[in-house]
Amino acid sequence: MSTAASTEKAVAALFEPFTFGKALLPNRVVMAPMTRSKSPGNVPGEDVAAYYRRRAEGGVGLIITEGTPPCPAGHSYPDVPAFYGDKALAGWKRVADEVHAAGGFIIPQLWHVGSFRQPGMEPDPSLPGYGPSEVVHPALADKEGSKPPVAMTQQDIDDTIAAFATAAGNAMKLGFDGVELHGAHSYIIDQFFWSVTNQRTDQYGGDLPQRTRFAVEVIQAVRAAIGPDFPVVFLFSEWEQGDYRHQMATTPDELAAFLQPLSEAGVDYFHCSTRRFNDPEFEGSDLNLAGWTKKLTGKPTITVGSVGLDNDFLRTYAGKDTQKASIDALIKRLENDEFELVAVGRALLSDPAWSAKVREGREADIVEFQREHMAVLT
């Protein structure tokens, strides 16, 4: 057997086709959503469309875009592309068209930052930050001048849910292949999950299953806007900005109680965010978070967390060196049906052809991830 054939056999599980809604993905490689801040005026331009097209040309099975806010109050970072307004939506249509022209598939990640937003921020400086409760976000607590959000009224909640639904409907109209809801990393949906940021005493507060109500209503509204056949991916995380050691569910029973209402509301795929995909989620089992989620819900899952790299993202942001790493453990878990899809972040940021090079056994040719790659659209 030739070296190339031997390599393809070794990674074969990663390159099996997978049915995603009405699309047949050519493989199990997913581009993870990564904020790029390269859309002046909150409009994705030709360079953004070309950036995503290069990943499709490089063999990625499914692209999840960077987070894109469904309404003006959803912003807190500069030059992030919006998913509302004629200009931004026209820019996103160009992105989808370019990816499809390259034979790829793509879904937008709808992302509302909630209480990360501070007074005076663009695109509408008059808008405050909104959150479940009037609590300064823990990730901002040490930053001088940080203001607490406006605790959301029922009208604020209804308006935010409607914005998610409208954005999802627009994704379908623009020709995307599905939609992802960002329910992780202590942004608005996750702020309702987290007891630190959700101190409400109404129907949106209480224990963890009760704190899923906002997410459930978002999912239900999105499903009503897009119908039964347009895929809905839901991203959730085991960690929070402001508490990277946080574990929302400490037992399988707690995780099941959290996931069940989300699954029943209309989630098709769960995207399970961890710092390192190869870490077991609970003692007594080797399953990671995606593996447990699949076991408990029966829904297909996406695993993510330092794929192809030897350090997690926290070490990257701390300025630590990151090196290429073997994906043997990933392949083993995939072969064991622990999850269906694999999201790759920083490795794909540096090398658009990461997928093709892995498939062809050209690991030595993969461009090494460097922190400076985060600042450019390669």
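Residues numbered from 1 in each chain as written. Predicted model: local features only at pLDDT ≥ 70, side-chain atom pairs only at ≥ 80, totals over all residues. Heavy atoms only, no water.

## Observations concerning the side chain of glutamine 118
Here is step 1 of the chain: Examined against the element boundaries, glutamine 118 turns out to sit in the loop between strand 5 (106-110) and strand 6 (130-131).
Here is step 2 of the chain: With sequence-adjacent residues up to four places away left out, glutamine 118 is seen in contact with Leu140, Gly145, Ser146 and Lys147. (Helix = DSSP H or I, 4+ residues; strand = E, 2+ residues; numbered from the N terminus. Contact = heavy atoms within 4.5 Å.)

## Regarding the nonpolar core
If you look at soluble globular proteins, the nonpolar side chains tend to sit buried side by side.
Here is step 1 of the chain: Counting 83 residues, the largest nonpolar core has Phe234, Phe236, Leu262 and Trp354 as its most contacted members.
Here is step 2 of the chain: The dominant element in this core, judged by the number of residues it contributes, is helix 6 (residues 213-226), at seven residues.
Here is step 3 of the chain: What phenylalanine 236 contacts, discounting residues up to four positions off in sequence, is Gly183, Ala184, Met248, Leu255, Phe258, Leu259, Phe270, His271, Cys272, Ser273, Leu289 and Thr293.
Here is step 4 of the chain: Membership of the second largest hydrophobic core comes to 16 residues, among which are Phe18, Val30, Ile107 and Ile302. (Core = buried A, V, L, I, M, F, W, Y, C linked by side-chain atoms within 4.5 Å. Buried < 20%, exposed > 50% of the residue type's maximum accessible area, 1.4 Å probe, protein only.)

## Comments concerning the packing of helix 6 against helix 7 (residues 252-265)
Two packed helices can be described by the angle between their axes and the distance between those axes.
Here is step 1 of the chain: Viewed as axis vectors pointing N to C, helix 6 and helix 7 meet at an angle of 15°, and their least axial separation amounts to 8 Å. Judged on the interaxial angle alone, helix 7 and helix 6 are roughly parallel. Between helix 6 and helix 7 lies a crossing of right-handed hand. Judged by residue contacts, Ala215, Val216, Ile219 and Gln220 of helix 6 engage Pro261, Leu262 and Ala265 from helix 7.
Here is step 2 of the chain: When the residues that make up the contact of helix 6 with helix 7 are grouped by side-chain class, the tally is six nonpolar, one polar and no charged. (Axes fitted to C-alpha atoms, helices over the stretch in contact; angles between N-to-C directions. Parallel < 35°, antiparallel > 145°, perpendicular 65-115°, else oblique. Left-handed = near helix turned anticlockwise from the far one by under 90°. Nonpolar A, V, L, I, M, F, W, Y, C, P; charged D, E, K, R; others polar.)

## Focus on the pattern of salt bridges
Here is step 1 of the chain: Tallied over the full model, the rule gives 15 salt bridges.
Here is step 2 of the chain: A salt bridge links glutamate 57 to arginine 53; the nearest nitrogen and oxygen atoms lie 2.9 Å apart. Of this pair, glutamate 57 and arginine 53 both sit in helix 2 (residues 46-57), separated by four residues, roughly a single helical turn.
Here is step 3 of the chain: A salt bridge links arginine 333 to aspartate 286; its shortest N-O distance comes to 3.4 Å. Pair noted here: arginine 333 is in helix 10 (residues 328-335) and aspartate 286 is in the loop between strand 10 (269-273) and helix 8 (289-297), with a separation of 47 residues, a long-range link. (Salt bridge = Lys/Arg side-chain N within 4 Å of Asp/Glu carboxyl O.)

## Brief notes about the pairing of strand 11 (residues 301-304)
Here is step 1 of the chain: Because side chains alternate across strand 11, one face comprises the buried residues Thr301 and Thr303, and the other comprises Ile302 and Val304, equally buried.
Here is step 2 of the chain: In this fold, the crossover linking strand 10 to strand 11 by way of helix 8 has right-handed handedness. (Right-handed = clockwise from strand over helix to strand, strands pointing away.)

## Examining the sheet that holds strand 8 (residues 179-182)
Here is step 1 of the chain: Read around the closed barrel, the eight strands follow the order 3-4-5-8-9-10-11-12; overall the barrel is parallel. Mean inter-strand twist for the sheet, computed between neighbouring axes without regard to direction, equals 25°.
Here is step 2 of the chain: In this sheet, strand 5 lies alongside strand 4 (residues 62-68) in parallel orientation, the contact comprising four bridges. Across the sheet, residue glycine 67 finds its bridge partner in strand 5, namely glutamine 109.
Here is step 3 of the chain: Seen against the sheet, helix 8 touches strand 9 (232-237), strand 10 and strand 11 and runs at an angle of roughly 150° to strand 10. (Pairing = 2+ DSSP bridges.)

## Focus on unusual backbone geometry
Here is step 1 of the chain: In this structure, the amide linkage connecting glutamate 122 to the following residue, proline 123, adopts the cis form with an omega of 5°.
Here is step 2 of the chain: Of note, proline 123 is situated in the loop between strand 5 and strand 6.
Here is step 3 of the chain: The phi dihedral of asparagine 42 is positive, around 65°, even though this residue is not glycine.
Here is step 4 of the chain: Turning to its location among the elements, asparagine 42 is positioned in the loop between strand 3 (29-31) and helix 2.
Here is step 5 of the chain: According to the relative accessible area criterion, asparagine 42 is buried, its value standing at 14%.

## Details of the packing of helix 2 against helix 3 (residues 86-101)
Here is step 1 of the chain: Their axes nearest at 8 Å, the elements helix 2 and helix 3 cross at an angle of 25°. In terms of orientation, helix 2 and helix 3 fall into the roughly parallel class. Read as a crossing pair, helix 2 and helix 3 show a hand that is right-handed. The residues of helix 3 that touch helix 2, namely those facing Glu46, Val48, Ala49, Tyr52, Arg53 and Ala56, are Trp92, Arg94, Val95, Glu98, Val99 and Ala101.
Here is step 2 of the chain: Per-class residue counts for the contact of helix 2 with helix 3 are eight nonpolar, no polar and four charged.

## Quick look at the packing of aromatic side chains
Here is step 1 of the chain: Overall, the coordinates contain 17 aromatic pairs when judged by the stated rule.
Here is step 2 of the chain: A centroid spacing of 4.9 Å and a plane angle of 45° characterise the contact between phenylalanine 116 and tyrosine 187, whose relative ring orientation is tilted. With phenylalanine 116 in the loop between strand 5 and strand 6 and tyrosine 187 in the loop between strand 8 and helix 5 (188-193), the pair connects residues that are 71 residues apart, well separated along the chain. Across the pair, exposure class does not vary: phenylalanine 116 and tyrosine 187 are buried alike.
Here is step 3 of the chain: An aromatic cluster is defined as three or more aromatic residues linked by ring pairs; in this entry it consists of Phe193, Phe234, Phe236, Phe258 and Phe270.
Here is step 4 of the chain: When the ring centre of phenylalanine 369 is taken as reference, the NZ or CZ atom of arginine 346 above it lies at 5.8 Å. (Phe/Tyr/Trp six-rings, centres within 6.5 Å; stacked < 30°, edge-to-face > 60°. Lys NZ or Arg CZ within 6 Å of the ring centre and 35° of its normal.)

## Regarding the environment of leucine 309
Here is step 1 of the chain: Note that leucine 309 resides in the loop between strand 11 and helix 9 (313-317).
Here is step 2 of the chain: Sequence spacing of leucine 309 and isoleucine 327 is 18 residues, and the spatial spacing of their C-alpha atoms is 8.7 Å.

## Here's the deal with the pairing of strand 12 (residues 341-344)
Here is step 1 of the chain: Burial along strand 12 is two-sided: Leu341 and Ala343 facing one way and Val342 and Val344 facing the other are all buried.
Here is step 2 of the chain: Pairing of strand 3 with strand 12 involves three bridges; the strand directions are parallel. Counterpart to valine 29 in the pairing with strand 12 is valine 342.
Here is step 3 of the chain: Direction of pairing for strand 11 relative to strand 12: parallel, over a ladder of three bridges. Residue pairing in the sheet places isoleucine 302 in a bridge with leucine 341 of strand 12.

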